[in-house]
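Architecture at a glance
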Amino acid sequence: MKKVCVVAALGLFVAASAHAGSGVGACLSPKSKVASDGRLQFQKPVYLYAAPDRQANKQLLTLFSSLTVTAVAKGGWVRLATVPDYSQADPSATAGKVVGWALVSDFSAQAPRNCA
């Protein structure tokens, strides 16, 4: 019985670790720095792509907002979606909208409690 409990606990731990390591569900925000006038600015331009490929259509990310990872692809690509906006009357109205693919290296990890 003791062995069964140990094996079950180990299985749950491995499954949880595999999901956490994948990055899905992680909260990210674009890497930024404080400009000389005190405002935030991007460390470098951040692009959102239509597919996980530098040749795909792209658009420049212009807003400093948190995003959540919905999928991970080879080469450091993550598909990003919007998070609830608690400054709105219905915070969940636009949550979960896929905004595109980006390189994870352009973003910083945020604690889930700060993902808003």
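An account of the accompanying structure is given in this report. Just so we're clear, the structure is a prediction, and the values are computed from it rather than from any experiment.

Rules and cut-offs
Residues numbered from 1 in each chain as written. Predicted model: local features only at pLDDT ≥ 70, side-chain atom pairs only at ≥ 80, totals over all residues. Heavy atoms only, no water. Patch = residues over 30% accessible without salt bridge, like charges linked within 9 Å, V, L, I, M, F, W, Y side chains within 5 Å. Areas by Shrake-Rupley, 256 points an atom, 1.4 Å probe, with all protein chains shown as cover. Salt bridge = Lys/Arg side-chain N within 4 Å of Asp/Glu carboxyl O. Helix = DSSP H or I, 4+ residues; strand = E, 2+ residues; numbered from the N terminus. Buried < 20%, exposed > 50% of the residue type's maximum accessible area, 1.4 Å probe, protein only. Contact = heavy atoms within 4.5 Å.

Before going further, it helps to spend a moment on a nonpolar patch on the surface. Where nonpolar side chains cluster on the molecular surface, the patch consists of Val-34, Leu-40 and Phe-64 and spans about 290 Å² of accessible area. Of note, Leu-40 is situated in strand β3 (residues 40-42). Look at Leu-40 and you get partly exposed, because its relative accessible area is 48%.

Its location among the elements puts Ala-109 in strand β9 (residues 107-110). Note on Ala-109: relative accessible area 65%, which makes it exposed. In this structure the C-alpha to C-alpha distance between Ala-109 and Lys-31, which are 78 residues apart in sequence, comes to 9.2 Å. Excluding anything up to four places from it in sequence, Ala-109 contacts Cys-27 and Leu-28.

Inspection of the entire model under this criterion finds two salt bridges. We note a salt bridge from Lys-44 to Asp-106, for which the minimum N-O separation is 3.2 Å. With Lys-44 in the loop between β3 and β4 (47-49) and Asp-106 in the loop between β8 (98-103) and β9, this pair connects stretches of sequence that are 62 residues apart.

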